[in-house]
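A look at the structure
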Amino acid sequence: MTEDKIINKNNEKLVNRYLSLRGGNITDRTRQAFRWDFNVFLEYLGDKNIQDVTHIDIDGFIEYCREDRHNGDEALSRKYNTLNKFYDTMIKKEYLDMKNPLDKVERIKVRKKVRGYVTLEEYKQIISYLESINDYRGLALFSLLYSSGLRVSEIHKLNISNISFGTRMFIIKGKGDKEREGMFSEESKNYILQYLDTRNDNLDALFISREKNRLAVSSIQQYVKRIAKRAGVESNIHPHRIRHGTAMLLLDNDLPLDQIQEILGHENISTTQIYAQTSMKKVKNNVDDIYSKVL
(Lines give C-alpha, C1' and ligand atoms only; values in the text may rest on other atoms or scores of the structure.)
Protein backbone atom coordinates (compact mmCIF):
# COMPACT_ATOMS: atom_id res chain seq x y z
CA MET A 1 0.00 0.00 0.00
CA THR A 2 1.33 3.46 -0.82
CA GLU A 3 2.03 5.77 2.11
CA ASP A 4 -0.21 8.58 0.83
CA LYS A 5 -3.02 6.09 0.13
CA ILE A 6 -3.64 6.87 -3.54
CA ILE A 7 -7.05 5.53 -4.57
CA ASN A 8 -8.24 5.16 -8.16
CA LYS A 9 -11.41 7.25 -8.51
CA ASN A 10 -12.86 4.93 -11.16
CA ASN A 11 -12.50 2.05 -8.71
CA GLU A 12 -14.44 4.04 -6.11
CA LYS A 13 -17.22 4.69 -8.61
CA LEU A 14 -17.47 0.97 -9.43
CA VAL A 15 -17.69 0.04 -5.75
CA ASN A 16 -20.37 2.68 -5.15
CA ARG A 17 -22.28 1.37 -8.15
CA TYR A 18 -22.04 -2.17 -6.80
CA LEU A 19 -23.36 -1.14 -3.37
CA SER A 20 -26.20 0.69 -5.10
CA LEU A 21 -27.05 -2.46 -7.07
CA ARG A 22 -27.17 -4.51 -3.87
CA GLY A 23 -29.66 -1.96 -2.51
CA GLY A 24 -32.07 -3.31 0.11
CA ASN A 25 -30.70 -6.85 -0.16
CA ILE A 26 -28.14 -6.13 2.55
CA THR A 27 -28.45 -4.78 6.07
CA ASP A 28 -26.81 -1.53 7.21
CA ARG A 29 -24.33 -3.55 9.23
CA THR A 30 -23.38 -5.66 6.20
CA ARG A 31 -23.08 -2.54 4.06
CA GLN A 32 -20.66 -1.05 6.60
CA ALA A 33 -18.58 -4.24 6.58
CA PHE A 34 -18.50 -4.18 2.76
CA ARG A 35 -17.48 -0.53 2.77
CA TRP A 36 -14.64 -1.21 5.20
CA ASP A 37 -13.33 -4.19 3.20
CA PHE A 38 -13.49 -2.24 -0.06
CA ASN A 39 -11.64 0.72 1.47
CA VAL A 40 -8.80 -1.55 2.53
CA PHE A 41 -8.73 -3.23 -0.89
CA LEU A 42 -8.80 0.05 -2.86
CA GLU A 43 -5.99 1.48 -0.74
CA TYR A 44 -3.99 -1.68 -1.38
CA LEU A 45 -4.55 -1.39 -5.15
CA GLY A 46 -3.56 2.27 -5.18
CA ASP A 47 -3.80 3.54 -8.77
CA LYS A 48 -4.27 0.08 -10.30
CA ASN A 49 -7.58 -0.42 -12.07
CA ILE A 50 -9.99 -3.03 -10.66
CA GLN A 51 -10.43 -4.28 -14.23
CA ASP A 52 -6.72 -5.24 -14.33
CA VAL A 53 -6.64 -7.18 -11.05
CA THR A 54 -5.47 -10.82 -11.31
CA HIS A 55 -5.44 -13.72 -8.87
CA ILE A 56 -1.85 -12.76 -8.07
CA ASP A 57 -3.05 -9.37 -6.82
CA ILE A 58 -5.74 -11.04 -4.71
CA ASP A 59 -3.19 -13.47 -3.24
CA GLY A 60 -1.00 -10.49 -2.38
CA PHE A 61 -3.92 -8.64 -0.80
CA ILE A 62 -4.87 -11.61 1.37
CA GLU A 63 -1.24 -12.01 2.45
CA TYR A 64 -1.01 -8.28 3.23
CA CYS A 65 -4.14 -8.46 5.38
CA ARG A 66 -2.84 -11.54 7.19
CA GLU A 67 0.72 -10.33 7.84
CA ASP A 68 0.53 -6.54 7.99
CA ARG A 69 -3.01 -6.04 9.29
CA HIS A 70 -2.96 -9.19 11.46
CA ASN A 71 -6.37 -10.33 10.20
CA GLY A 72 -7.62 -13.70 11.43
CA ASP A 73 -9.31 -16.31 9.27
CA GLU A 74 -12.80 -14.89 9.83
CA ALA A 75 -11.81 -11.40 8.66
CA LEU A 76 -9.89 -12.85 5.70
CA SER A 77 -12.84 -15.06 4.74
CA ARG A 78 -15.17 -12.05 4.84
CA LYS A 79 -12.85 -10.05 2.59
CA TYR A 80 -12.60 -12.99 0.17
CA ASN A 81 -16.40 -13.31 0.04
CA THR A 82 -16.88 -9.55 -0.33
CA LEU A 83 -14.54 -9.36 -3.33
CA ASN A 84 -15.83 -12.59 -4.87
CA LYS A 85 -19.43 -11.33 -4.78
CA PHE A 86 -18.35 -7.96 -6.15
CA TYR A 87 -16.56 -9.43 -9.16
CA ASP A 88 -19.31 -11.98 -9.82
CA THR A 89 -21.98 -9.28 -9.82
CA MET A 90 -20.11 -6.66 -11.82
CA ILE A 91 -19.04 -9.20 -14.46
CA LYS A 92 -22.58 -10.53 -14.87
CA LYS A 93 -23.93 -6.97 -15.10
CA GLU A 94 -21.20 -6.24 -17.71
CA TYR A 95 -19.65 -3.40 -15.76
CA LEU A 96 -16.42 -5.42 -15.95
CA ASP A 97 -15.14 -7.42 -18.92
CA MET A 98 -12.85 -10.02 -17.36
CA LYS A 99 -12.78 -13.34 -15.53
CA ASN A 100 -13.30 -13.34 -11.79
CA PRO A 101 -9.76 -13.31 -10.31
CA LEU A 102 -11.11 -15.01 -7.16
CA ASP A 103 -11.74 -18.18 -9.21
CA LYS A 104 -8.03 -19.00 -8.95
CA VAL A 105 -7.72 -18.08 -5.27
CA GLU A 106 -8.29 -20.71 -2.60
CA ARG A 107 -11.14 -19.95 -0.21
CA ILE A 108 -10.20 -19.10 3.37
CA LYS A 109 -11.16 -21.93 5.70
CA VAL A 110 -12.70 -20.84 8.97
CA ARG A 111 -13.13 -23.21 11.89
CA LYS A 112 -16.70 -22.85 13.14
CA LYS A 113 -16.82 -21.75 16.76
CA VAL A 114 -19.08 -23.30 19.35
CA ARG A 115 -21.77 -20.70 19.84
CA GLY A 116 -22.48 -19.47 23.33
CA TYR A 117 -26.16 -19.48 24.21
CA VAL A 118 -28.60 -18.65 26.99
CA THR A 119 -29.67 -21.81 28.79
CA LEU A 120 -33.23 -22.45 29.90
CA GLU A 121 -32.07 -22.12 33.52
CA GLU A 122 -30.50 -18.71 32.81
CA TYR A 123 -33.65 -17.55 31.03
CA LYS A 124 -35.84 -18.59 33.99
CA GLN A 125 -33.44 -16.83 36.37
CA ILE A 126 -33.80 -13.58 34.41
CA ILE A 127 -37.61 -13.89 34.20
CA SER A 128 -37.81 -14.53 37.94
CA TYR A 129 -35.79 -11.38 38.61
CA LEU A 130 -37.94 -9.26 36.28
CA GLU A 131 -41.10 -10.53 38.00
CA SER A 132 -39.65 -9.61 41.38
CA ILE A 133 -39.22 -5.97 40.30
CA ASN A 134 -42.46 -5.81 38.24
CA ASP A 135 -40.59 -4.87 35.06
CA TYR A 136 -43.37 -5.54 32.53
CA ARG A 137 -41.48 -4.23 29.52
CA GLY A 138 -38.52 -6.43 30.43
CA LEU A 139 -40.73 -9.49 30.82
CA ALA A 140 -42.29 -8.84 27.41
CA LEU A 141 -38.91 -8.25 25.77
CA PHE A 142 -37.03 -11.24 27.19
CA SER A 143 -39.91 -13.68 26.73
CA LEU A 144 -40.42 -12.54 23.13
CA LEU A 145 -36.70 -12.76 22.35
CA TYR A 146 -36.47 -16.27 23.80
CA SER A 147 -39.69 -17.73 22.39
CA SER A 148 -39.47 -16.18 18.91
CA GLY A 149 -35.75 -16.30 18.18
CA LEU A 150 -35.94 -12.79 16.69
CA ARG A 151 -32.83 -10.80 15.86
CA VAL A 152 -32.39 -7.59 17.87
CA SER A 153 -32.92 -5.53 14.68
CA GLU A 154 -36.24 -7.35 14.16
CA ILE A 155 -37.39 -6.76 17.74
CA HIS A 156 -36.55 -3.08 17.20
CA LYS A 157 -38.76 -2.91 14.08
CA LEU A 158 -41.71 -4.93 15.42
CA ASN A 159 -45.04 -3.10 15.52
CA ILE A 160 -48.14 -3.87 17.56
CA SER A 161 -50.22 -3.80 14.37
CA ASN A 162 -48.12 -6.65 12.94
CA ILE A 163 -48.99 -8.97 15.85
CA SER A 164 -51.97 -11.34 16.07
CA PHE A 165 -52.50 -12.25 19.72
CA GLY A 166 -55.19 -14.75 18.74
CA THR A 167 -52.78 -16.89 16.72
CA ARG A 168 -49.60 -15.75 18.50
CA MET A 169 -48.09 -14.93 15.10
CA PHE A 170 -46.53 -11.78 13.65
CA ILE A 171 -45.14 -10.41 10.41
CA ILE A 172 -41.64 -8.94 10.50
CA LYS A 173 -39.15 -7.58 7.99
CA GLY A 174 -35.95 -9.55 8.41
CA LYS A 175 -32.61 -9.41 6.62
CA GLY A 176 -32.72 -7.61 3.30
CA ASP A 177 -36.18 -6.21 4.20
CA LYS A 178 -37.77 -9.58 3.37
CA GLU A 179 -41.07 -10.19 5.15
CA ARG A 180 -41.53 -13.41 7.10
CA GLU A 181 -43.88 -14.84 9.70
CA GLY A 182 -42.88 -15.54 13.26
CA MET A 183 -44.46 -16.95 16.38
CA PHE A 184 -44.21 -16.56 20.14
CA SER A 185 -45.24 -18.46 23.24
CA GLU A 186 -48.37 -18.20 25.36
CA GLU A 187 -46.17 -16.99 28.22
CA SER A 188 -44.79 -14.23 26.02
CA LYS A 189 -48.28 -13.28 24.87
CA ASN A 190 -49.38 -12.76 28.49
CA TYR A 191 -46.29 -10.69 29.33
CA ILE A 192 -46.70 -8.52 26.22
CA LEU A 193 -50.38 -7.83 27.01
CA GLN A 194 -49.45 -6.93 30.61
CA TYR A 195 -46.83 -4.52 29.27
CA LEU A 196 -49.24 -2.94 26.79
CA ASP A 197 -51.74 -2.40 29.62
CA THR A 198 -49.16 -0.13 31.29
CA ARG A 199 -48.91 2.07 28.18
CA ASN A 200 -50.99 5.22 27.69
CA ASP A 201 -49.84 6.14 24.17
CA ASN A 202 -51.03 5.43 20.65
CA LEU A 203 -47.61 4.48 19.23
CA ASP A 204 -47.41 1.41 17.00
CA ALA A 205 -43.86 0.46 18.05
CA LEU A 206 -44.00 -2.57 20.35
CA PHE A 207 -41.11 -1.48 22.55
CA ILE A 208 -40.69 2.18 23.43
CA SER A 209 -38.43 4.26 25.65
CA ARG A 210 -39.44 6.48 28.56
CA GLU A 211 -39.34 9.38 26.08
CA LYS A 212 -42.04 7.60 24.00
CA ASN A 213 -39.67 6.77 21.13
CA ARG A 214 -39.14 3.40 19.45
CA LEU A 215 -36.55 1.60 21.57
CA ALA A 216 -33.20 1.75 19.72
CA VAL A 217 -31.17 -1.36 18.92
CA SER A 218 -28.30 -0.14 21.12
CA SER A 219 -30.73 0.51 24.00
CA ILE A 220 -32.11 -3.04 23.74
CA GLN A 221 -28.59 -4.48 23.74
CA GLN A 222 -27.52 -2.44 26.77
CA TYR A 223 -30.73 -3.22 28.65
CA VAL A 224 -30.40 -6.99 28.06
CA LYS A 225 -26.82 -6.97 29.38
CA ARG A 226 -27.74 -4.87 32.40
CA ILE A 227 -30.74 -6.94 33.44
CA ALA A 228 -28.93 -10.26 33.02
CA LYS A 229 -26.11 -9.02 35.24
CA ARG A 230 -28.54 -7.77 37.88
CA ALA A 231 -30.33 -11.12 37.77
CA GLY A 232 -27.03 -12.79 38.73
CA VAL A 233 -26.38 -14.53 35.40
CA GLU A 234 -22.63 -14.87 35.04
CA SER A 235 -22.55 -15.40 31.25
CA ASN A 236 -22.17 -12.40 28.94
CA ILE A 237 -25.80 -12.12 27.83
CA HIS A 238 -26.76 -10.24 24.67
CA PRO A 239 -29.77 -10.54 22.31
CA HIS A 240 -28.00 -12.78 19.80
CA ARG A 241 -26.97 -15.15 22.59
CA ILE A 242 -30.68 -15.42 23.49
CA ARG A 243 -31.44 -16.22 19.83
CA HIS A 244 -28.85 -19.01 20.00
CA GLY A 245 -30.57 -20.23 23.16
CA THR A 246 -33.87 -20.46 21.29
CA ALA A 247 -32.26 -22.60 18.59
CA MET A 248 -30.59 -24.92 21.09
CA LEU A 249 -33.78 -25.32 23.15
CA LEU A 250 -35.76 -26.32 20.06
CA LEU A 251 -33.00 -28.62 18.83
CA ASP A 252 -32.65 -30.36 22.21
CA ASN A 253 -36.40 -30.98 22.14
CA ASP A 254 -36.28 -32.67 18.72
CA LEU A 255 -37.77 -29.94 16.51
CA PRO A 256 -36.59 -30.69 12.94
CA LEU A 257 -33.88 -28.44 11.50
CA ASP A 258 -36.05 -27.17 8.66
CA GLN A 259 -38.64 -25.94 11.18
CA ILE A 260 -35.95 -24.26 13.29
CA GLN A 261 -34.70 -22.64 10.08
CA GLU A 262 -38.21 -21.27 9.48
CA ILE A 263 -38.47 -19.85 13.01
CA LEU A 264 -35.05 -18.19 12.91
CA GLY A 265 -35.52 -16.85 9.39
CA HIS A 266 -32.35 -18.42 8.03
CA GLU A 267 -32.19 -18.21 4.25
CA ASN A 268 -29.89 -21.24 4.06
CA ILE A 269 -30.31 -24.34 6.21
CA SER A 270 -26.52 -24.68 6.43
CA THR A 271 -26.64 -21.71 8.84
CA THR A 272 -29.10 -23.61 11.03
CA GLN A 273 -26.96 -26.75 10.89
CA ILE A 274 -24.25 -24.97 12.89
CA TYR A 275 -26.48 -25.36 15.94
CA ALA A 276 -26.81 -29.10 15.32
CA GLN A 277 -23.02 -29.43 15.20
CA THR A 278 -22.63 -27.70 18.56
CA SER A 279 -25.50 -29.36 20.43
CA MET A 280 -23.41 -31.86 22.39
CA LYS A 281 -25.82 -32.04 25.34
CA LYS A 282 -28.31 -34.26 23.54
CA VAL A 283 -25.55 -36.36 21.97
CA LYS A 284 -24.05 -37.00 25.42
CA ASN A 285 -27.43 -37.99 26.87
CA ASN A 286 -28.05 -40.43 24.01
CA VAL A 287 -24.56 -41.92 24.35
CA ASP A 288 -24.94 -42.23 28.12
CA ASP A 289 -28.23 -44.10 27.60
CA ILE A 290 -26.49 -46.56 25.30
CA TYR A 291 -23.55 -47.06 27.65
CA SER A 292 -25.85 -47.65 30.63
CA LYS A 293 -27.53 -50.50 28.73
CA VAL A 294 -24.51 -52.27 27.31
CA LEU A 295 -21.67 -51.65 29.76
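Presented here is an overview of the structure given in this document. (Residues numbered from 1 in each chain as written. Predicted model: local features only at pLDDT ≥ 70, side-chain atom pairs only at ≥ 80, totals over all residues. Heavy atoms only, no water.)

**Quick notes on the pattern of salt bridges**
Under the counting rule described, the total for this entry stands at 10 salt bridges. Notably, a salt bridge pairs Glu12 with Lys9, separated by 3.6 Å at the nearest N-O pair. Here Glu12 and its partner Lys9 are both found in helix 1 (residues 9–22), three residues apart, which amounts to about one turn of the helix. By relative accessible area, which is 29% here, Glu12 ends up partly exposed. Among the salt bridges present, the one from Arg78 reaches Asp37, with a minimum N-O distance of 2.7 Å. (Salt bridge = Lys/Arg side-chain N within 4 Å of Asp/Glu carboxyl O. Helix = DSSP H or I, 4+ residues; strand = E, 2+ residues; numbered from the N terminus. Buried < 20%, exposed > 50% of the residue type's maximum accessible area, 1.4 Å probe, protein only.)

**Re unusual backbone geometry**
Across residues other than glycine, the phi torsion is negative in most instances, and most of the peptide bonds are trans. The residue His70 is not glycine, and still its phi comes out positive at about 55 degrees. Checked against the element boundaries, His70 lands in the loop between helix 3 (55–67) and helix 4 (73–92). Positive phi is not limited to glycine here, since Asn134 has a value of about 55 degrees. Turning to its location among the elements, Asn134 is positioned in the loop between helix 5 (120–132) and helix 6 (136–148).

**Overview of the pairing of strand 3 (residues 179–183)**
Side chains of strand 3 alternate between two faces, with Arg180 and Gly182 buried and Glu179, Glu181 and Met183 left unburied. Across five bridges, the pairing between strand 2 (residues 169–173) and strand 3 is antiparallel. What sits directly across from Ile171, in strand 3, is Glu181. (Pairing = 2+ DSSP bridges.)

**Description of the packing of aromatic side chains**
As enumerated under the stated definition, the model contains 13 aromatic pairs in all. When the ring of Phe38 is compared with that of Phe86, the centres are 5.3 Å apart and the planes differ by 70 degrees; the resulting orientation is edge-to-face. Here Phe86 lies in helix 4 and Phe38 lies in helix 2 (residues 28–45), a separation of 48 residues in the sequence. Here the two residues Phe38 and Phe86 agree in accessibility, since each one is buried. Ring geometry for Phe170 against Phe184: centres 6.2 Å apart, planes inclined by 20 degrees, an arrangement best described as stacked. (Phe/Tyr/Trp six-rings, centres within 6.5 Å; stacked < 30°, edge-to-face > 60°.)

**Some points on helix 3**
Taking 1.5 Å of rise per residue, the 13 residues of helix 3 would be expected to cover 18 Å, and the 18 Å separating its terminal C-alpha atoms lies within 8% of that figure. The set of residues buried in helix 3 consists of Asp57, Ile58, Phe61, Ile62, Tyr64 and Cys65. Buried residues in helix 3, looked at end-on, bunch into an arc of 160 degrees, giving them a common side. In the core, the buried residues of helix 3 are packed alongside helix 2 and helix 4. (Expected span 1.5 Å × (residues − 1). Arc of directions from axis to C-beta. Contact = heavy atoms within 4.5 Å.)

**Let's talk about the side chain of Arg241**
Of note, Arg241 is situated in helix 10 (residues 239–252). Despite being buried, Arg241 has no salt bridge partner; Glu122 is the closest side chain of opposite charge, sitting 5.3 Å away. Residues in contact with Arg241, not counting those within four places in the same chain, are Gly116, Tyr117, Val118, Ser235 and Asn236. (Lys, Arg positive; Asp, Glu negative; His and termini not counted.)

**Thoughts on helix 4**
With 20 residues, helix 4 should reach 28 Å at 1.5 Å per residue; the first-to-last C-alpha distance of 28 Å fits that figure. Regarding helix 4, the residues found buried are Leu76, Ser77, Lys79, Tyr80, Thr82, Leu83, Asn84, Phe86, Tyr87, Thr89 and Met90. Turning to helix 4, the residues buried within the fold contact helix 1, helix 2 and helix 3. Just beyond helix 4, the residue with positive phi is Glu94, at close to 65 degrees.

**A word on the sheet that holds strand 1 (residues 163–164)**
Ordered in space as 1-2-3, the three strands form an open sheet in which the pairing is antiparallel. Taken across any chain shown, the strands that pair with only one partner, and hence form the sheet edges, are strand 1 and strand 3.

**A few points about the packing of helix 2 against helix 4**
Contact pair helix 2 / helix 4: the axes reach a minimum separation of 10 Å and the direction vectors enclose 90 degrees. Accordingly, the angle class assigned to the pair helix 2 and helix 4 is roughly perpendicular. Counting all contacts with helix 2, which are made through Ala33, Phe34, Trp36, Asp37, Phe38, Val40 and Phe41, the residues of helix 4 involved are Arg78, Lys79, Thr82, Leu83, Phe86 and Tyr87. Among the residues making up the contact of helix 2 with helix 4, the classes are represented as nine nonpolar, one polar and three charged. (Axes fitted to C-alpha atoms, helices over the stretch in contact; angles between N-to-C directions. Parallel < 35°, antiparallel > 145°, perpendicular 65-115°, else oblique. Nonpolar A, V, L, I, M, F, W, Y, C, P; charged D, E, K, R; others polar.)

**Observations concerning the environment of Leu255**
Checked against the element boundaries, Leu255 lands in the loop between helix 10 and helix 11 (257–264). The contacts of Leu255, once residues within four sequence positions are left out, are Leu250, Ile260 and Ile263.

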